[in-house]
Amino acid sequence: MADFHVDVDMQKEIHDSLLEKELHRHRYRGLSPYLAKRAEFVDWIHDVAEKFQLRYTSASSAVAYFDLVMDYYKDSINFFELQVLGMACLMVAAKMEEQEPDIPLLPHVIRTAGLKCTVEQLNAAELLVLKAWNWNVCVVTPNHFVDLYARESAMDDIVSGRSQAIEHIDKISEYAIEAARIACKDISLLQFRPSVVATATVVCARTLLNCEPHYPASLMALSSPKTDTVGTSELAICCEMLLRLCATDKLPQSVQAMEGVSHSLTSPDPAATRYETVVPRSQETPMRLPLQNIRDDSRKTQQTQSSCASSAQDGMRFRRGTNQTQAWRS
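All of the points below concern the structure found in this document. (Residues numbered from 1 in each chain as written. Predicted model: local features only at pLDDT ≥ 70, side-chain atom pairs only at ≥ 80, totals over all residues. Heavy atoms only, no water.)

**Remarks on unusual backbone geometry**
A negative phi angle is the norm for most residues apart from glycine, just as the trans form is the norm for most peptide bonds. A cis amide bond links E212 to the next residue, P213, at an omega of -10 degrees. Note on placement: P213 falls in the loop between α9 (194-208) and α10 (217-223). Even without being glycine, N134 reaches a positive phi, approximately 55 degrees. Mapped onto the secondary structure, N134 falls in the loop between α6 (119-132) and α7 (143-153). Look at N134 and you get partly exposed, because its relative accessible area is 46%. Backbone geometry at W135 places phi at a positive 65 degrees, although glycine is not the residue there. Secondary-structure assignment places W135 in the loop between α6 and α7. (Helix = DSSP H or I, 4+ residues; strand = E, 2+ residues; numbered from the N terminus. Buried < 20%, exposed > 50% of the residue type's maximum accessible area, 1.4 Å probe, protein only.)

Here's what the structure looks like:
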């Protein structure tokens, strides 16, 4: 974070818009027969995103797309198709979150991810994901909030010098992003709003880094609107769950820090965690996706290399007019 010159009005407008949109997010039912493989696919999607140096919001958005598609898909699907759908979700997310030069070409994605499919098959899978979401693929994830919350949480911290301040904020952001990745793998945290999970990642990061207070007033003012009836009790529960996950994932000092969070926040009220979200009518019944379009065709698989070369410059991208999070990133 080398630049602190942020358009405050635009930042507030984007933040308010994300808070409003998260109230109408898709409800995750957890009915997919492939839940046992979910954590592996989440790690795989993040790993591929890192190889292409994509933003964290691209990876988390891809996981959100993948969750909805699999949650409402009732037919059998093999491992090959899961892989293709996973990478298709990442490509759709990249085209939503990244700038045009940073979007990887499909042949490069196939080679890097180790897929045994053709460009046409992956392109067809992208179209399936878009249709499953009714082309409304603008989602809100915890990573859309993390950078802003990490920066705001450090506003009142006493740090000498600009370079030390930048390093301090970067460290909080680094820990928070890693905590968000860990949270992304556990379906139990999907019950919380993305902004609550993002706040919890920053609180956990500050706790692990011994930054006092763990939940500073600057962060509280930003992440807890006056209209929020859930309050810090929901956040306390989310933090406790997240710190346990961090301990399992061996994030440094997470075990010792678990007790500290409970003293930083008010006592949790279990009833406060009941939070229902709006599900569009079009998504209330299981969907059928024409996966025969991406079935493994041995003949096409043998021609992967030639197909990739000839299709590398085909029109396989769609653009997004504006980037929701670009104003926050440095």
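Next, the rest of the story.
**Remarks on the pattern of salt bridges**
Evaluation of the coordinates by the stated rule reveals twelve salt bridges. Between E98 and R55 there is a salt bridge, with its nearest N and O atoms 3.9 Å apart. In this pair, E98 is assigned in the loop between α4 (79-97) and α5 (106-113) and R55 in the loop between α2 (35-51) and α3 (56-71), connecting sequence segments 43 residues apart. With respect to burial, E98 and R55 carry one shared label: buried. Between R206 and D157 there is a salt bridge, with its nearest N and O atoms 2.8 Å apart. You can see R206 sitting in helix α9 and its partner D157 sitting in the loop between α7 and α8 (162-184), a full 49 residues away along the chain. (Salt bridge = Lys/Arg side-chain N within 4 Å of Asp/Glu carboxyl O.)

Note that all results are geometric; they support no functional claim without further evidence.
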